[in-house]
Amino acid sequence: MNEIAAIKLAQEGNKEALKTLFEENKKKIFSLAYQYVKNAEDAEDILQETFVKVYRSLHRFNIQDGMSFSPWLYRIGINCSIDYLRRNKIKKEKNSGVNNLDNISCNNKTSDPEESRGQKEIREKISQSLNKLSGQQRMVFILRHYQELNTKEIAEYLNCTEGSVKKQLFRAVSSLKEHLKGLILEKSYEM
Amino acid sequence: MKCKKFKEKIILHLYGELNEKEGAELENHIKKCTECSQDFLYTKKVFKALDDAKEEEPEADWKKCWQGIDTHIPEKPHRQRSPFLSPQWVYAAAILLIVFVLGAIFGRYLFFPAQESSLQPVISQNSMDLALKEYFEEIKPILIEYANYTSSNGEETTIVLDKEVVNNLLIQNFLLKDIITKTNPSLVPFMEDLDIVLREVSNLKRGDIQTPSLIKELIHEREILFKMEILQKI
């Protein structure tokens, strides 16, 4: 089943067609949500919320107008992620240290215990720094750095100007630079 | 100030977002400016650290995710509805209509209390007088005919009248009387006298020699022509 056919069927209430759209896009939305909330369970919740919203608002998606499904879905995913974090901010702040450390130990790439400890520290600092950013700044950074979207695309997704995206990106990176200063200079990263 | 602008550009340059000209301008500045040069190197290190610290994303429980979605979406097919038919529009339209009607009602009594009479036919005194005069001009010849009904030698004359004309005069009388009741009630008895005369004339049958005499008596008794003369002069 191609994407357009799946969209049309899903618009008529066909759950199997929605499942097809889910299968094709689940990884992209999960990845975005995970980068944003840094927690697999929360990212799964965001993924579910995104597709429930997609199903409910699919009647507004007009194929004839030349709308592309992927950016439309991505925009819903972005909004769901920002909303989710805003709703759970207090809860997240309470548990962030524990969750992040748990994730880090689970997804550790290196086998060297010394290096592992160093990366753990950096990840923790990155996580703390990202937690201090506003939802929008955090999203701009995630979309630029991890999702590799350019500032023009980010502006379209977030419905703001490119200039505003650049400013928020500068603030986010500056904040990270400030937080990581001691660690990076200490370790003298090789270029 | 100038360096702040370049520091912003350093980040965009590392993301590959500067065009050739902007990139060259930045690189020239970095060569000359120690602070920006250090910032450039440090930002590069931060980016590398971010990449190195990038975690492998865990695999989600896709089955559980789909089940979660499936339980939250309605069973019935999703129907496309026109936004104009959605309940919100209906409620909004109904509320607006109620507000408009109430506003019109209260507004009318609050701001234009005297306007109630404006719903009645608006006829000025002058036009009323004119209408009455015209009416009297029309009816007068008939009344004179009946007032002079008996000939000088005692023989009864025949009065030929168009019944349609009489009926029209009756209708006019009815309408004028209705207005006069509100504007000049003192004239109502006179109009009623005219009404009786016209009805008698209208009901006259061929060969009836008694009724014209009664009409004549009525005209004289009620001084209809005399009153009409005075009213026409006023």
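Within each chain, residues carry numbers counting from 1 in the order of the written sequence. Naming scheme: in the order in which they are written, chains are lettered from A and ligands are numbered from 1. Per-residue local features of the predicted model are confined to residues with pLDDT of at least 70, and side-chain atom pairs are confined, for both listing and counting, to 80 or more; whole-chain, interface and lining totals are unaffected and use all residues. For side-chain calculations, the full set of non-hydrogen atoms in the structure is used, while hydrogens and water are omitted.

So, the overall build of chain B
Part 1 of the reasoning: The helix count covers DSSP runs of H or I at least four residues long, the strand count covers runs of E at least two residues long, and both are numbered beginning at the N terminus. Summing up its helical and strand segments, chain B has 10 helices and zero strands in all.
Part 2 of the reasoning: For every residue, the accessible area (1.4 Å probe, protein chains only) is compared with the maximum for its type, and the residue is labelled buried under 20%, exposed over 50%, or partly exposed between those bounds. Buried residues in chain B amount to 32% of all 234 residues.
Part 3 of the reasoning: Contacts are residue-level and defined by heavy atoms, with any inter-residue pair within 4.5 Å sufficient. Expressed as a percentage of contacts within chain B between residues at least 6 apart in sequence, the contacts between residues at least 24 apart total 65%.
Part 4 of the reasoning: Exposure was quantified through the Shrake-Rupley algorithm and a 1.4 Å probe, taking into account, for residues, occlusion by the shown protein chains and nothing else. Of the roughly 16300 Å² of accessible surface on chain B, a fraction of 58% belongs to carbon and sulfur atoms.

Notes on the overall build of chain A
Part 1 of the reasoning: Along chain A, the regular secondary structure elements total nine helices and zero strands.
Part 2 of the reasoning: In chain A, the succession of helices and strands from N to C terminus is α-α-α-α-α-α-α-α-α.
Part 3 of the reasoning: Per-residue burial for chain A yields a buried fraction of 52% across its 191 residues.
Part 4 of the reasoning: Restricting the contact set of chain A to residue pairs at least 6 apart, pairs at least 24 apart contribute 61%.
Part 5 of the reasoning: Split by element, the accessible area of chain A, about 9300 Å² in all, is 45% carbon and sulfur.

Thoughts on the packing of helix H2 (residues 15–37) of chain A against helix H4 (residues 62–72) of chain B
Part 1 of the reasoning: For every element, the axis is a line fit to its C-alpha atoms; helices are fit only across the contacting stretch, and the angle between N-to-C directions ranges from 0 to 180 degrees. Where H2 of chain A meets H4 of chain B, the axes come as close as 11 Å, and the angle between the chain directions of the two elements is 130°. Of the possible angle classes, the one that applies to H2 of chain A and H4 of chain B is oblique. H4 of chain B is crossed by H2 of chain A, and the crossing has right-handed handedness. Packed against H2 of chain A, whose contacting residues are Lys15, Leu18, Lys19, Phe22, Lys26, Lys27 and Phe30 of chain A, the element H4 of chain B presents Trp62, Cys65, Trp66, Ile69 and Asp70 of chain B at the interface. These descriptions rest on fixed angle ranges, namely under 35 degrees for roughly parallel, over 145 for roughly antiparallel, 65 to 115 for roughly perpendicular, and the rest for oblique. What makes a crossing left-handed is the near helix being turned counterclockwise from the far one by less than a right angle; a clockwise turn instead makes it right-handed.

With respect to the packing of aromatic side chains
Part 1 of the reasoning: Pairs were defined over the aromatic rings of Phe, Tyr and Trp, the Trp ring being its six-membered one, requiring ring centres within 6.5 Å. Orientation was assigned from the angle between planes: stacked under 30 degrees, edge-to-face over 60, tilted for the rest. The full count for this structure, using the stated rule, is 12 aromatic pairs over all chains.
Part 2 of the reasoning: Centre to centre, the rings of Tyr74 of chain A and Tyr157 of chain A are 5.2 Å apart; their planes meet at 50°, and the pair counts as tilted. Here Tyr74 of chain A, found in helix H4 (residues 69–87), pairs with Tyr157 of chain A, found in helix H8 (residues 151–158); they are 83 residues apart in sequence, far enough to count as distant.
Part 3 of the reasoning: The exposure class assigned to Tyr74 of chain A is buried, which follows from its relative accessible area of 4%.
Part 4 of the reasoning: Judged by centre distance (5.7 Å) and plane angle (80°), the rings of Phe136 of chain B and Phe190 of chain B are edge-to-face. In this pair, Phe136 of chain B sits in helix H6 (residues 125–147) while Phe190 of chain B sits in helix H8 (residues 188–203), placing the two residues 54 residues apart along the sequence. Grouping residues by exposure puts Phe136 of chain B and Phe190 of chain B together as buried.
Part 5 of the reasoning: Whether a charge sits over a ring comes down to the Lys NZ or Arg CZ being within 6 Å of the ring centre and within 35 degrees of the ring normal. The ring of Tyr36 of chain A carries Arg138 of chain A above its face, with NZ or CZ at 5.3 Å from the centroid.

Looking at the nonpolar core
Part 1 of the reasoning: Residues Phe69, Ile78, Phe141 and Leu143 of chain A are the most contacted members of the largest nonpolar core, which totals 82 residues.
Part 2 of the reasoning: When residues of this core are assigned to their parent elements, the largest contribution, 11 residues, is made by H2 of chain A.
Part 3 of the reasoning: In contact with Leu143 of chain A, other than residues within four places in its own chain, are Leu32, Tyr74, Ile78, Glu148, Leu149, Ile154 and Leu158 of chain A.
Part 4 of the reasoning: Each nonpolar core is a collection of buried residues, namely Ala, Val, Leu, Ile, Met, Phe, Trp, Tyr and Cys, held together in the definition by side-chain atoms within 4.5 Å. In this structure, Ile142, Val166, Leu194 and Leu204 of chain B belong to the second largest nonpolar core, which totals 30 residues.

Remarks on the packing of H2 of chain A against helix H3 (residues 40–57) of chain A
Residue and element names in this part refer to chain A.
Part 1 of the reasoning: Axis separation between H2 and H3 bottoms out at 8 Å; the angle between their running directions is 135°. Classified by the angle their axes make, H2 and H3 are oblique. Judged by the twist between their axes, the crossing of H2 over H3 is right-handed. Every residue of H3 that contacts H2 at Leu18, Leu21, Phe22, Asn25, Lys26, Ile29, Phe30, Ala33, Tyr34 and Val37 is listed here: Ala40, Asp42, Ala43, Glu44, Ile46, Leu47, Thr50, Phe51, Val54 and Tyr55.
Part 2 of the reasoning: Here the nonpolar group is Ala, Val, Leu, Ile, Met, Phe, Trp, Tyr, Cys and Pro; Asp, Glu, Lys and Arg are the charged ones; every other residue, Gly included, is treated as polar. Counted by class, the contact of H2 with H3 contains 15 nonpolar, two polar and three charged residues.

Examining the state of the cysteines
Part 1 of the reasoning: In plain terms, two cysteine sulfur atoms within 2.5 Å form what is called a disulfide here. Here the structure, examined in full by the defined rule, presents zero disulfides over all chains.
Part 2 of the reasoning: Between Cys36 of chain B, a cysteine without a disulfide, and Cys3 of chain B, which holds the nearest cysteine sulfur, the sulfur-to-sulfur distance is 3.6 Å.

Digging into the pattern of salt bridges
Part 1 of the reasoning: Salt bridges are defined as contacts in which a side-chain nitrogen from Lys or Arg sits within 4 Å of a carboxyl oxygen from Asp or Glu. Scanning the entire structure with this criterion turns up 14 salt bridges over all chains.
Part 2 of the reasoning: Salt-bridge contacts for Glu49 of chain A lead to Arg87 of chain A; the nearest nitrogen and oxygen are separated by 2.7 Å. With Glu49 of chain A in helix H3 and Arg87 of chain A in helix H4, this pair connects stretches of sequence that are 38 residues apart.
Part 3 of the reasoning: Of the charged contacts, one joins Lys48 of chain B and Asp52 of chain B as a salt bridge, the two residues approaching to 3.3 Å between their closest N and O atoms. One end of the pair, Lys48 of chain B, and the other, Asp52 of chain B, are both in helix H3 (residues 34–52), four residues apart, so they sit about a helical turn from each other.
Part 4 of the reasoning: Among the residues examined, Lys48 of chain B registers a relative accessible area of 33% and is labelled partly exposed.

Structural notes on helix H2 (residues 20–32) of chain B
Residue and element names in this part refer to chain B.
Part 1 of the reasoning: The end-to-end C-alpha distance of H2, which contains 13 residues, comes to 19 Å, matching closely the 18 Å that a straight helix rising 1.5 Å per residue would cover.
Part 2 of the reasoning: Those residues of H2 that sit buried are Gly23, Leu26, His29 and Ile30. Viewed end-on, H2 has its buried residues packed into an arc of 130°, placing them on one side of the element. Turned more than 90 degrees off the buried face of H2, the exposed positions are Glu20, Lys21, Lys31 and Lys32. A helix is expected to span 1.5 Å for every residue after the first. In this description, one arc is meant: the one made by directions from the helix axis to the C-beta atoms.

Here we look at the interface of chain B and chain A
Part 1 of the reasoning: Contacts between the two partners involve 44 residues from chain B and, on the opposite side, 50 residues from chain A.
Part 2 of the reasoning: Here chain B packs against chain A, burying approximately 4900 Å² in sum over the two surfaces, 66% of which is carbon and sulfur.
Part 3 of the reasoning: Applying the counting rule to chain B against chain A returns four salt bridges.
Part 4 of the reasoning: One salt bridge connects Asp70 of chain B with Lys15 of chain A, and the closest N-O pair in it is separated by 3.2 Å.
Part 5 of the reasoning: Contacts described as polar in this section are N or O atom pairs within 3.5 Å, which, within protein, must combine one atom able to donate a hydrogen with one able to accept it, while residues neighboring in sequence count only if both atoms come from side chains. Across the chain B-chain A interface, the total number found is 15 residue pairs in polar contact (both at pLDDT 80 or more).
Part 6 of the reasoning: Secondary-structure elements contributing two or more residues to the side of chain B that touches chain A are helix H1 (2–14), H3 and H4 of chain B.
Part 7 of the reasoning: Broken down by element, the residue count for the side of chain B that touches chain A peaks at 13 residues, all from H3 of chain B.
Part 8 of the reasoning: Its residues placed into classes, the side of chain B that touches chain A shows 19 nonpolar, five polar and 20 charged. By buried area we mean how much accessible surface two parts lose on assembly, using a 1.4 Å probe and totalling the loss over both.

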